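# Chains, contacts and geometry: an overview
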Amino acid sequence: MIKILFFIENLSEGGAEKVLRELVNHMDQTKFDITVQTVWPCDAKKYLAPGIRYKYMYTSESKANHLRYRAEAESGLAYRLHAKDDYDIECAYLEMGPTKVMSASTNKKAKKLAWVHCDLSKKLGALDAFVAKAGPQYQKYDEVICVSENVRQSFEQLFGGQIPTRVLYNVVDDAAIREKAQAELSSGVQKRRLTMVSLGRLTPQKGYDVLLKVQDRLIQDGMECDLWIAGEGEERPALEQFIAKHHLQDSVKLLGFQENPYPFLREADLLVCSSRYEGLSTFVTEGLILGKPIVTTDCTGMRELLGNSEYGLITELSASALCAGIKQLMNNEELRKYYQQKASMRGREFTTDSLVKTTEDYLLKLAGK
């Protein structure tokens, strides 16, 4: 039995949190004794399968505990005070805080892994300062796990290829996605015409400011279409202000965080990803599994998922390019059907069993089993 720890700040909402839940919930508990640890407490019974151990660092998320977390992580005390145990493998499942905490591990026998879920060169501003500070932390890991080949290449360029890397794709529960997509839409939401859907946190990374500019242009050009955005985040006030200023209330719905977003994806005529950067988009992967036509910006990982616009249409990251791509599919029903068929074909490659087995086989080999 391999005793393994996955450490992340929380288990709710975000894409990395979601794929961690899918991974651990499908791992073979006859081979792995799994512990998930978060910084902040959450409803573990809601997210984790029976048999998975759960613990957290602080009893509540408060300003004082945020300061405490930062101080303990910077000083190297967080691991010794909150995480230390007799694990065979220790995984920091997210960049920044978790990577910093687990880099201070005092468990000399444990193999140590750090997951990278995005293109760090596009996420961060002062890259030289980050590399100088984070480099020594990453060097304490046996390997860095990147969620796409693009992420791996970017990471190696940042750190000069001095740190071992490997690509392991995110786990998605394809059967659950298809089943959940059959549920009814939330009350108060009804499809009335051609509808675009996007899913993700309301953060600058997701480019929803660009997507709203596109919707404004589409409406001005006489296109009859609606845009639904499922997600929550700090950009909501700015997005709401733009919607009000440009009189888009009739055609844009900010749906907030949805426990089950898949009925909205089911109803979509078109899925749109406007991200400035990604790692390997969970939203786009789910769209492929559901066989939906997709238009996306050319951000990290999209060409691994969609080829050179083979399974979905990839555009430059600009309002004009994204708008042109959306119009191309809106005005051509045959092209939408073509991409629907191609998405269905590609989506069959993302099965839970195969993705989990690849990760399990790697972990077993790492632990010498």
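Preceding block: the structure.
Residues numbered from 1 in each chain as written. Predicted model: local features only at pLDDT ≥ 70, side-chain atom pairs only at ≥ 80, totals over all residues. Heavy atoms only, no water.

### Considering the sheet that holds strand E10 (residues 252–256)
The six strands lie next to each other as E10-E9-E8-E11-E12-E13, forming an open sheet whose pairing is parallel. Looking along the sheet, the strands with just one partner apiece sit at the ends: E10 and strand E13 (313–315). On average, each strand axis in the sheet is inclined to that of its neighbour by 20°, with strand direction left out of account. Of the pairings in the sheet, the one linking strand E12 (residues 294–297) to E13 comprises three bridges and is parallel in character. Bridge pairing links Thr297 to Thr315 in E13. The sheet contacts of helix H15 (residues 319–330) involve strand E8 (195–199), strand E11 (270–273), E12 and E13, and relative to E13 the element is tilted by about 155°. (Pairing = 2+ DSSP bridges. Helix = DSSP H or I, 4+ residues; strand = E, 2+ residues; numbered from the N terminus. Axes fitted to C-alpha atoms, helices over the stretch in contact; angles between N-to-C directions. Contact = heavy atoms within 4.5 Å.)

### Quick look at the packing of H15 against helix H16 (residues 333–347)
Taken N-terminus to C-terminus, the directions of H15 and H16 make an angle of 100°; their axes are 6 Å apart at the nearest point. In terms of orientation, H15 lies roughly perpendicular with respect to H16. On the side of H15, the interface is formed by Gln328, Leu329 and Met330, while H16 contributes Glu333, Leu335, Arg336 and Tyr339. Broken down by class, the residue content of the contact of H15 with H16 amounts to four nonpolar, one polar and two charged. (Parallel < 35°, antiparallel > 145°, perpendicular 65-115°, else oblique. Nonpolar A, V, L, I, M, F, W, Y, C, P; charged D, E, K, R; others polar.)

### Section: the sheet that holds strand E1 (residues 2–7)
In space, the seven strands of this open sheet follow the order E3-E2-E1-E4-E5-E6-E7, with parallel pairing throughout. Strands with a single pairing partner mark the edges of an open sheet, and in this sheet they are strand E3 (53–56) and strand E7 (165–167). Adjacent strand axes in the sheet meet at a mean angle of 25° when their direction is disregarded. Here strand E4 (residues 89–92) runs beside strand E5 (residues 111–116); their pairing, made up of four bridges, is parallel. Paired with Ile89 across the bridge in E5 is Lys111. Strand contacts of helix H17 (residues 352–366): E1, strand E2 (32–38), E4, E5, strand E6 (143–146) and E7, with the helix running at about 150° to E5, the strand carrying the most contacts.

### Things to note about the nonpolar core
Ranked by size, the top nonpolar core spans 98 residues in total, and within it Phe6 and Tyr138 carry the most contacts. Examining the composition of this core, we find that six residues originate from one element, H17, more than from any other. Excluding residues that lie within four positions of it along the chain, Tyr138 makes contacts with Glu95, Thr99, Ala114, Val116, Leu120, Phe130, Val144, Phe155, Phe159 and Ile163. Leu218, Val252, Val295 and Tyr339 belong to the second-largest nonpolar core, a separate cluster that totals 31 residues. (Core = buried A, V, L, I, M, F, W, Y, C linked by side-chain atoms within 4.5 Å. Buried < 20%, exposed > 50% of the residue type's maximum accessible area, 1.4 Å probe, protein only.)

### A look at the pattern of salt bridges
Enumeration according to the criterion identifies 28 salt bridges in this entry. Between Asp88 and Lys109 there is a salt bridge, and its shortest N-O distance comes to 3.1 Å. In this pair, Asp88 is assigned in the loop between helix H4 (77–83) and E4 and Lys109 in the loop between helix H5 (97–103) and E5, connecting sequence segments 21 residues apart. Given a relative accessible area of 47%, Lys109 falls into the partly exposed group. In this structure, the salt-bridge partner of Asp269 is Lys191, at a minimum N-O distance of 2.9 Å. On the criterion of sequence distance, the pair formed by Asp269 in the loop between helix H12 (262–267) and E11 and Lys191 in the loop between helix H9 (174–180) and E8 is long-range, its members being 78 residues apart. Accessibility expressed as a relative area gives 22% for Asp269, which makes it partly exposed. (Salt bridge = Lys/Arg side-chain N within 4 Å of Asp/Glu carboxyl O.)

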